2 protein chains.
Amino acid sequence: MKHDIATYQLFFGSLANPNRLKIVNLLREQGELNVSQICELTTFEQTMVSHNLKRLETCGMVHKRSEGKHRFYSINKESIAPLMKLIDTHMHKYCEHVLSKENKNHCNK
Amino acid sequence: MKHDIATYQLFFGSLANPNRLKIVNLLREQGELNVSQICELTTFEQTMVSHNLKRLETCGMVHKRSEGKHRFYSINKESIAPLMKLIDTHMHKYCEHVLSKENKNHCNK
DNA sequence: ATAACATATGATGTTTTTATCACTTGATGA
DNA sequence: TCATCAAGTGATAAAAACATCATATGTTAT
């Protein structure tokens, strides 16, 4: 397979942003949420959430479902969920030393 | 497990850069290489390569081995190699639409 | 048809990230 | 021990990514 650097960059860049990361982790935990719910739970502005959800959708990280006025977003379970698990494992093994102090201590599991 | 957003950001940010990505893919393909060899093969400047390798090392994506004047770097096979494979699969399924035209065509496999 | 609500889009000033420059450190051999 | 080669470091100007603002679109209810 041919490595398309620009696509890798788009993919990883999508997860290299703290706000998008929070949205992704929120959807991992909460399942399907609409934009307003994401705004409430994160205290982020609506426009920012929309912009970031669009980017996540472009990369196939989340799915979108319309219902009336609402747009419901959910994590791509088939692909992103297991991927994030792999990364969690990697981070535990290799990124301990860069964990911020507060989290280092009460990191149960 | 506790999600440390800053660590995720560091991790993904490391792969969200085209030059680091090229270095990572080079090490995936070529195995162990020293700094000079990476410079030659990529035509990147030495200082840039050193800076970027340091970041990759911080995240546990590459290993470093000293031999005389040289520093040999290699991909973290246990963790990053399988991770990149998962991502390759994801990109093929969900990121086709964002692939640059040139690569779309002669993307065998 | 119009108001109200939910979400999306485009433009832009600001912040963050990056490559490069000048320099340092460390190792080998003369 | 001095010169040379290999690699690393810190500062900074330039480039890229970002949040926000103003506005647009689409949907439901009145």
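Residues numbered from 1 in each chain as written. Chains lettered and ligands numbered in written order. Predicted model: local features only at pLDDT ≥ 70, side-chain atom pairs only at ≥ 80, totals over all residues. Heavy atoms only, no water.

### Comments concerning the packing of helix H3 (residues 35-42) of chain B against helix H4 (residues 46-58) of chain B
All names here are of chain B.
Thought 1: At their nearest, the axes of H3 and H4 sit 9 Å apart, and the two run at 115° to each other. Crossing of H3 against H4: the hand is right-handed. On H4, the residues touching Val35, Ile38 and Cys39 of H3 are Gln46, Val49, Ser50 and Leu53.
Thought 2: Of the residues in the contact of H3 with H4, the class split is 5 nonpolar, 2 polar and no charged. (Axes fitted to C-alpha atoms, helices over the stretch in contact; angles between N-to-C directions. Helix = DSSP H or I, 4+ residues; strand = E, 2+ residues; numbered from the N terminus. Left-handed = near helix turned anticlockwise from the far one by under 90°. Contact = heavy atoms within 4.5 Å. Nonpolar A, V, L, I, M, F, W, Y, C, P; charged D, E, K, R; others polar.)

### What to know about the protein's contact with DNA strand C
Thought 1: In the region of DNA strand C, 24 residues are neighbours, and Ser36, Ser50, His51 and Tyr73 of chain A together with Asn19 of chain B sit closest.
Thought 2: The side chain of Ser50 of chain A places a nitrogen or oxygen atom 2.9 Å from a phosphate oxygen of DNA strand C.
Thought 3: In the environment of DNA strand C, a phosphate oxygen lies 3.5 Å from a nitrogen or oxygen atom belonging to the side chain of Lys54 of chain A.
Thought 4: Those elements that place two or more of their residues in the surface near DNA strand C are helix H3 (35-42), helix H4 (46-58) and strand S3 (70-75) of chain A together with helix H2 (18-30) and H4 of chain B.
Thought 5: For the surface near DNA strand C, the residue count by class is 3 nonpolar, 14 polar and 7 charged. (Near = heavy atom within 4 Å. Polar contact = N/O pair within 3.5 Å; in protein donor to acceptor, adjacent residues only side chain to side chain.)

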